[in-house]
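Secondary and tertiary structure notes
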Amino acid sequence: MTAILTPARRQMLKERMATVPYPNLLGMKLVRLAPGEARISLRAAVRLRQYQGLIHGGAIASLADTAATFAALTAVPDGIDVVTIEFKLNFLVPFKSGRALAVGQILRLGQRICTADVRIIAAHKIAAVGLFTMMCFSCKDA
């Protein structure tokens, strides 16, 4: 499965990111799209903190999942969508303030399965790393 990130596809993905409720609820911002790559940022808002004052792991996992998904969406052909079916995320350093940047990159894109690597960078450090597996499916099947 190969696709080119056309200007029309790039625009559609930007619009999708701007209108999907959950990433917007958390405050995610699309930074960059390239073939097989997506960069998405998240500001450390008070509403995202857990009891120790750190950004909640669920918010970081959501950021990573969104970056993996959008990286995959830059690579699949029109009419194909993806959904995460498994992921592993390792938290390396706490994220407390400022902005975190998630860099999602496709490792392998097959007919039915896509694998992506995600790095979360905060305060110039790798704060988390993840491996994501997504299922590719026809939008007609949804």
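Placed above this text is the structure.
This section reports on the structure supplied with the text. (Residues numbered from 1 in each chain as written. Predicted model: local features only at pLDDT ≥ 70, side-chain atom pairs only at ≥ 80, totals over all residues. Heavy atoms only, no water.)

1. Considering the overall build of the protein chain
Quick note on the threshold: In this description a helix means any DSSP run of H or I spanning at least four residues, a strand means any run of E spanning at least two, and both kinds are numbered starting from the N terminus. Throughout, a residue-residue contact means that at least one pair of heavy atoms, one from each residue, lies within 4.5 Å. Under the counting rule used here, the positive set is Lys and Arg, the negative set is Asp and Glu, and His together with the chain ends is not counted. To locate a charge, take atom NZ for lysine, CZ for arginine, CG for aspartate or CD for glutamate.
The number of helices and strands found in the protein chain is three helices and six strands. Along the protein chain, from the amino end to the carboxyl end, the secondary structure elements read α-α-β-β-α-β-β-β-β. Overall size of the protein chain, expressed as C-alpha extent along the three principal axes, is 45 × 25 × 25 Å. When contacts within the protein chain are restricted to residue pairs at least 6 apart in sequence, those whose partners lie at least 24 apart make up 62%. With 18 positive and 8 negative side-chain charges, the protein chain shows a spacing of 10 Å between the two charge centroids.

2. Side note on the side chain of T66
Put simply, the rule reads: Categorising residues by exposure relies on relative accessible area from a 1.4 Å probe, with only protein chains included: less than 20% of the type maximum marks a residue as buried, more than 50% marks it as exposed, and the intermediate range marks it as partly exposed.
Along the polypeptide, T66 turns up in helix α3 (residues 57-73). Given the relative accessible area of 9%, T66 is considered buried.

3. Describing the environment of T6
Let me state the cut-off plainly: What qualifies as a polar contact is a pair of N or O atoms within 3.5 Å, subject to a donor-acceptor requirement within protein and to the restriction that residues adjacent in sequence count only when both atoms come from side chains.
Here T6 is to be found in the segment before α1 (7-19). On the basis of relative accessibility, which here comes to 32%, the residue T6 falls in the partly exposed class. Between the alpha carbons of T6 and K29 there is a distance of 21 Å; along the sequence they are 23 residues apart. A polar side-chain atom of T6 sits 3.0 Å from the main-chain amide nitrogen of R9.

4. Thoughts on the side chain of S62
Position of S62 among the secondary structure elements: in helix α3. Within the local environment of S62, its side chain forms a polar contact with the side chain of Y22, the two groups lying 2.9 Å apart. Apart from the residues lying within four places of it in its own chain, the contact partners of S62 are Y22, L26 and M28.

No statement about biological role is implied by the geometric values presented.
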